[in-house]
Each structure stands twice: as structure tokens, then as C-alpha cells.
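# Per-entry structural report
Chain residues, written in single-letter form:
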Amino acid sequence: MNAKIERKWQKIWQENRIFEPLPGGKKFFITVPYPYSNGPLHIGHGRTYTYGDVIARFMRMKGYNVLFPMAFHVTGTPILTVSDSIRQGNMETVELYREYISMYENDKNRVEEILKSFEDPEKIALFFAEKIQRDFESLGYSIDWRKKFHTAEKYYNRFVEWQYEKLFKMKYLKKGDYPITYSPADGNPVGEDDIKDGDTDKVTIIEFVAIKYRFEEGFIVAATLRPETTFGVVNIWVNPEAKYYKIKDNGEIYFVSRESYEKLIYQRENVSKLDEYDGKYFVNKTARNLLTGEDIPVLPAGFVDPDNATGFVQSVPAHAPYDYAALRDINSDIRPKRIIDIDGYGEFPAEDLYNRFKIKNQYDPNLEEATKIIYRDEFYSGKMSEWIEYFGGMRVSEAKEKIKKYLIENGMAFLFYETSRKAVTRSGNKVIVAIIKGQWFLDYSNTEWKRKTHYLIDKMGFYPEIYRTIFHEVNDWLKERPCVRRRGLGTEFPFEKGWIIESLSDSTIYPAFYTIIDRIRERNIPDEKLDEKFFDYVFLNEGPVPFEEAKYIREGFTGWYPNDLRVSSNAHVSNHFIFYLFHHTAIFPEKYYPGSLMILGMLIREGAKMSKSKGNVIPLAQIAEKYSADLFRLYIISSSDFDKLLDWKEEEIKSLRGKLEKFAELLEESIKCREDHERGYMENYLINSFYMRYMNALDFMNRFKFRDAVIEIFYNFMNDIKYYEKRENPEKRACILKFILEDWLKIVAPIIPHTAEEYWNRLGKNSFISLERLDEMKEYDRNLILSIQYIENLIEDIKNIMNVSKIVPDKIYIYLADERKRELLKILKEDKNRAFREAKGKDEISILKQALAQQYSSIEDLDEEDSIRNNYEYLRRMFSAEIVINPPDDPGNKRRYALPGKPSIFIIKK
RNA sequence: GCAGGGGUAUCCGAGCCUGGCCAAAGGAGCGGGACUUAAGAUCCCGUGUUGCAGGACUUCGAGGGUUCAAAUCCCUCCCCCUGCACCA
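Quick caveat: nothing in here was measured; it's all calculated off a predicted structure.

## A look at the environment of Lys360
Within the secondary structure, Lys360 sits in the loop between α10 (349–356) and α11 (366–381). Overall, Lys360 belongs to the exposed group, its relative accessible area being 68%. Spatially, the C-alpha atom of Lys360 lies 25 Å from that of Ile339, the residues being 21 residues apart in sequence. For Lys360, the contacting residues outside a window of four places in its chain are Asp329 and Tyr354.

Pasting the structure below:
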């Protein structure tokens, strides 16, 4: 189907507004999460929306009143970041967006103009929203565009504000401190996108326990990931080459590295610098371990990184290979102190590993690996030594948390956050961890909320079913989540100025918004009127009718909600999808809970993940031109099951194109056929086979297994046609297909709607096939199909014998199983033991054994002799031999091998 | 580590839930043939080993087990992938 014809139908569909339903009847409301509109979409997105559309079209043809809406997501920082970069003339971004715009705009001057307009972030969103809509239209999606909106517009803001009013009243919002990656130079939190190589080498936040050691008038602060080892500290390490500060933190005096101080400013309140020291200052001085009361020396070690945590390290040589190595380096006579018992190690595990890895000194790179091993082993199989008060005998994994808590609660330690690796922003500024004070959270750890959501997960539908378990898991694991940010597009947080509701948190129950937005616009309601009372009435039927039009608006909601099916990729499971469920249980009564979720697998290209950096992203923009919408849709649906990974292979598309063209040719010539042909045996076979496949396909489609349906109704039936051609005059084929043509077009219409619509039209129909009803029930003669299978099996067997024996047949004797065997095998099928009891003599028993071993299933009700007679000429022609059924003589002694459905054969040589 | 998914013939991938025509669908690749001046495209045939009677043997990460029967069920082990949070 060429792009021109596809465009023709897209236009006609649109002009006739056939996908713009009013509520009523048996409704089906399907949604796909809206795309983030900061650039062109790619074929990965295309997979999801294609599935949404195929289902929408299928349900429509099953007689449902289908609503399939779409909108655009613009909330958050990325669009803002792009806009900023373009304004600052960042070459990389400018180049990228010039390329994006050029996908849609040929005129060079126009491209530059648009690019310039992107200095206004909203222009970016609007530009791409429009283009994405165009791309979707070019793929024939049956979307109701009256419902479209974007998430920074006023109406939507009012809607989100209302949700947060509700959540606040339910106490699902709470406030607290929160560590986050941050750039002091930019004065901003930074996300993965803002960090250099953040996408490939992720930066996570590591929680250190900063432990205070009494020193002079204050404390040396040594940070550790293993607070439980504090019992085994024998000294403290300082880097003699580094700079250290004396600082004041809420009245207490601390000694930390210079870099550490710069981080603490962002993590603690009222931190100020008092004095500077060289690292050497601390060497050989004494500090006191508050946990044990011991006085220990401060010793020099070069491995200490002043830019990691506090710049002091507590030394536990018994259990930390670095510490052990550093002590050896300075020839110290300090003896390690063992505090963890673990099987498989000597007195000092760190010493074992030091020897095993043949560590040279504290700079040996193997120390990383050694540390990992000991950490893992001790954490999972170590126990705190018995002599330790209270914690003795406790498993390390447990003691770690308890000791941390003990230290903090007794003022001996505080938490210090560090990045998992050294990181800088894209513009080269240092990234540290800052604590955001007064951060608002959605409290997904609320047990009542969790319980309600578990209930929903139990009740609703999942495609595939495995996700029910996964969602229960995700529900358990979900905890508080920050829901507002300092910057970005979106909706301002109603309870505190200067915060924007974060992008995933404003997109939870918005399918409800689709049901009313067109009506709000239609009646020109000013956004100020969309207050809490309005939404309370519209969505919850609470309170009085706020104004007359609200009734009409509410009918949109009650007419369509709940959302019957939501389709998206598995990337959304632990974020959008789970929030979607939580927020529904929070806000809506049970009858408006989501109906079901369909979760798709991801899409890769030629075995590799698509990514900007690899430059292998295929945009959706040129798909319709390059391949045609129907070919794309057919490929997406047929090349893999919806829940599995789809590997986009150009080679496969090419071969699929050929098949689709072949299909179109068949339709073409079939429509042209004017004469009526007689329906003989093979014609009946072809038609019956079609209806068998039709019913199979329909059954698959009802379970949304469209790939299996396509294989059945497209590939397999085309093979049936080939088979027919092999046996009959190919000329006749076209006219025979006429009998099934309408049903064939209908059943493929959800998948390749343009092709279907075009040929439906050429058949002289005045209706849209997109709005036709699929017949749910078609009769067919199963025996006819079985008998063809039977004949083909027989041919296989004969050929096989000919191959092996190298005999050219003159006559072929076919012996059919007698009634007695037929009876016996019937019994065998019902009751094995009874069959053996009833079998008489060795011969019969061996028949049963043979049948059992071959797992031979008899073809009941099939008249074998009749089948052979009906295909007699075919067999004769094929082997150029005479076929004799049940001859009186038995020269090969073969008669006894005959089984029902599997006759025995003897070939007489020429 | 926690959670989830997975290891199938040259490769990619179905099958596994509900054990039995499963030597294992479908692609791709490869080999052969047809068509073509030729390449390409397209179409047909073949593609574990073996056998002069439709069969036999070996094979679905490794090793055990259940069963008349295991790619499929159970146990143990090895290996791989994804997510782990503010990023949309």
C-alpha cells in the first residue's frame, strides 16, 4: 500500500470524524501514556502506540464504543534544559535540534527560525507535540484528537492541583529531608541528564556513617561504610598532604578535609569554618574512640582521599585490607583487633586477603577487589565476636544497622552522603550530594494505601499475567518519593510556592482528564472555575453542582471511566504504572479503578539498544514514507509477541514487504474476478480452512495475542492458498477467494487498516471497514481439513519409503486399520489399562505398545477410505502409480501394521 | 545484594503454564535449482547424524530425579540480561 493511498484514508477517516465517539453503549476506554514532547519519537514508542491502536480498532470492530485519546507530556526539566542550552548556544544541542527540526522542515531558513524560537521552552513542547501528532496520524492511529492537551496548560494545572488537595487531605503527602545530587556552582539539583556520562555511568548516592573521635577541643570525623567495625579501630588515617579544616557545626567542633567541609555546607545547617591545618598536623596525635573509650593514634596514609567523605578514615586492619596494607607500609607494630568471626578465614581476614592477592602496598589496585570480597563475606556470613557487649554473636548484616543506629542516637556519629563516583556536570562543575530541606514526598509507604493498592492489583487484569506478581513486589518495595522539584515546567505545588510538581507525580490519574477536557473547552469554561468544588463534583459526585455546565462535563467522565486498558512498555512498571495504580486507589471509588494493564517488551535494533550516542535511533517521522504505515504495523505486530523483546531487522522487513505485496495482489485479482466458479472439493477445502483459521485468529485476538493471529490468518492461510494452487488451476484461485474476501479484509483490518479500507472500498462497499462488525462465529467442516492433513501425511510416508528404498512405484497398496483396531485404540485413549486387558494375543498387545510409544492419536470420525477416494487422482498423479486400497493380497505382509489414521503401505516395484 | 526475566540447532527466536506426531514453528544465513545477459529481487527444494520400507540414534546451559514418556514437571549447580528511584 503506498503512502498516497494511506494518506487518502487517513484524511477520509478524519473528515468523517469516525474516531470521535460520544459516550454510550458498550464502552471501551483505552489509553497509552502520553509521550514526553522534547523531540521526535522513535520506533520504540511506535510499538506501544501501534499496539494501542490495533486493540482500539479490534475492540471497535467487536462492537465496542471505543475511546482512544492522546495528549502530550511537557512537565519537568529536560525541555527547560534544552531551551537553556540553545539560548547559551551549546553547539551539541543546537546541532541535535537542528537535525530534529529538519526531519519535518526542508526550508533551511525556516529551520533556523524554529530553532531560534526554542529559546522559549513552550515552543519546543508545542512544536514537537504537533509533529508527533502528525507522525501518529501518518501511521493510521484511530486517536480521538479532540481530547488532546499538554501538561503545562492551565486546565491541566487546575486538575493536578485538585489531586494534590485530595492527597494532602488524606495525609499521603509529607515533608522531610532528602539527599540529592547537586551542583553548588549551578545552585541546582542535577539529574542523570545533567551529569557528564550520567546515562552510561550512573551516579548514585552512598550513605557513609561519619564517626566522631574526641580530639583536642572537638572531634576528628572519620567516615565509614562499615560502622560495625568501629569496635575494631586501632588508629585513624589522615592524608599528610591534604588540607584540613576545623569547622563548627551547630556548636560542635569538627576536623574534616577541606573538600568535606564544602560538602557539609550543603548537608548540614549552620556549618562554618574556623581554622585551617595541614594533614601533617594530626600525625601521631591521639584521638579517643567514643564507642570503646580507647585512645588511638592518628597515622599518615596516602591512600586517604580528602575528596571522599570526610578525609579521615578509621583503621580496622583486621577486616580492611587497605588498613592492613597501610600499617605494613609504615612498619607499624600496632596489632589488628579482630571483631568479626567468620569461617574460612584465619585470625585476621584482611591479612589472609593481603597474602592471597599478594598485595604490594596501600596503592595496589588489587585492594579494591580484596575489599569487595571481604565486605561481602563478612556481611553475609560473619558474626560479631562474642566478647563485644550487646552486639556480640549478632550477624554482621544485622549488627551493621543496629550499631549505626546506636552511634547516631548517642551523638557519636551522623550520616554523610557521598556520590558513588567522582562526577561533574556537562559543563564541568563538581557534583556533590546536598540535602534538600523540607522536601515534599508522596508517602507510598503508608500501609493503608499499600493495602488498597494490593487489593486493586489482585482484582484487575494483566497482560501478561506474570505482572500481577511483579506489581505486588513493586508495591511492597515502594517507599516515600519526592514529588516536587525546584525547577521545570508543570504545575506549581499548591501548598508551597517555588516548587513544581515533578513529572511522574503529575501524570497519575490523568486518563480521567481525557473524559472531560473536550467538554470544558467546548463550553469555554474559564480555568478559575475549575476549583476543588468543581472537580469534587465532576469526579466524585461530592457537593452541589458548582455551575450548570458541570453536569454536562461530569457526563463525559461517568460515560467513559474507568480506563479499561492501559498499554505501555515494561520500562514503566516501577514508576508510572505503579503510581497510576496508587493514585487511583487514593482518589477514586472502586468502580473507577483501572480495568487492566498491558505491558509490552522493549524494542532494539539489529541486536543493539537504540541510543542517541550510538546514532542508531530510527525516528517515527519517516516510517510511513519509507515503509508504509501498514507494513510497519504488520511488522510490529507479527515479528514478536507483545511482551517479548522485539529486534528490528531491516532484512526481515524487506521480506515482509514482499508478503504484504503478495497479499495485495491476491486481493486485487480477486476483486477483478467476475465469473462464478463451481465449488469442488479443493475449493471447499480452501474456504473451510480459511474459516478454521479465522476462528483461531479471533480466539487469539480476544486474548490480545495479535502475533499468533497474524501468523494464522496471514501466513498460514497464504500457505493454504499455495497448497491449493499446487493442486488446482491457479487461475481459479482468485475467484474462490471472493467467497471469503470480506471476512479476510475484516479480520486483518485492525492491523493493516489502510489496505483493508482500500480494498473494502474497491469491493464497492459504502461503509468504513474500520467501523464494520467482525463476525464472532463462523462454521467450518473440520473433517475436510483433517482429511487433507491425512492425505499429506500419507504422501509423506510414501515419499519416505521411496527415498529410503529407492523404489519407483508401479502400484501402491494402502491397508487401512480394521474395525477391531479402531475400537481397541479408542479404548486405549480412554483407559490404558482396560485396553491392555481387552487386547487378545501378542499381536494386539504389540499394536497397543506401538501406538503408545508413537503417541499415536487417532483421527476420530474421519472416513479414511473416503478421504483417499476424494484425493485419488491427486495421489495417482503425484506418484504416477496405481493406488489400491485394501487389496486382497498382502505380498509385503504389511496389513497388520495399519493403525487408524496411519495406514500401512506397500510399494510394488515397476 | 534485592526483585524480575532468561540460557533451544550456524545465528535470531517460538515451544515450557496444560509432558506425548517435537528433530523441535518462523525468520536470517548457508547449499542447490528456476527466472535473468548478469548482479539483485522473487519463487521452489534442502539444511543434526544415519538407514536400500515409512525407522534408528544424538540433541533444547550442566548434573540428578519423577514418568511408560521430559525442551516441557521437581531438585542442585553454572552462566547471562534488566530494574533498584527522581530520570522522563
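## Structural notes on the packing of aromatic side chains
Evaluated as defined, the whole model comprises 90 aromatic pairs. Note on Phe690 and Tyr691: the rings are 4.9 Å apart at their centroids and 80 degrees apart in plane angle, and the pair reads as edge-to-face. Neither Phe690 nor Tyr691 differs from the other in exposure class; each is buried. Sitting above the plane of the Phe547 ring, Lys529 keeps its charged end 4.4 Å from the centroid.

## Quick notes on the sheet that holds strand β28 (residues 904–909)
Taken in spatial order, the three strands of this open sheet run β27-β26-β28, and their pairing is mixed. In this open sheet, the two edge strands, each paired with only one partner strand, are β27 (882–885) and β28. Sheet twist, expressed as the average angle between the axes of neighbouring strands with direction ignored, equals 20 degrees. Taken together, the four bridges between strand β26 (residues 809–815) and β27 define a ladder with parallel strand orientation. Each bridged residue has a counterpart across the sheet, and for Tyr813 the counterpart in β27 is Val884. Sheet strands in contact with helix α27 (residues 782–805) are β26 and β28, and its direction is about 45 degrees off that of β28. Contacting β26 and β27, helix α32 (residues 872–879) runs over the sheet at an angle of about 135 degrees to β27.

## Some details on the pattern of salt bridges
Applying the stated rule across the entire model yields 65 salt bridges. The shortest N-O distance in the salt bridge between Arg633 and Asp53 comes to 2.6 Å. Of this pair, Arg633 sits in helix α20 (residues 629–638) while Asp53 sits in helix α2 (residues 43–61), and the two are 580 residues apart along the sequence. Across this residue pair, the class does not change: Arg633 and Asp53 are buried. The salt bridge partner of Lys131 is Glu130, with a shortest N-O separation of 3.6 Å. Given a relative accessible area of 11%, Lys131 falls into the buried group. Given a relative accessible area of 48%, Glu130 falls into the partly exposed group.

Reading guide: rules and limits
- Residues numbered from 1 in each chain as written.
- Chains lettered and ligands numbered in written order.
- Predicted model: local features only at pLDDT ≥ 70, side-chain atom pairs only at ≥ 80, totals over all residues.
- Heavy atoms only, no water.
- Helix = DSSP H or I, 4+ residues; strand = E, 2+ residues; numbered from the N terminus.
- Buried < 20%, exposed > 50% of the residue type's maximum accessible area, 1.4 Å probe, protein only.
- Contact = heavy atoms within 4.5 Å.
- Phe/Tyr/Trp six-rings, centres within 6.5 Å; stacked < 30°, edge-to-face > 60°.
- Lys NZ or Arg CZ within 6 Å of the ring centre and 35° of its normal.
- Pairing = 2+ DSSP bridges.
- Axes fitted to C-alpha atoms, helices over the stretch in contact; angles between N-to-C directions.
- Salt bridge = Lys/Arg side-chain N within 4 Å of Asp/Glu carboxyl O.

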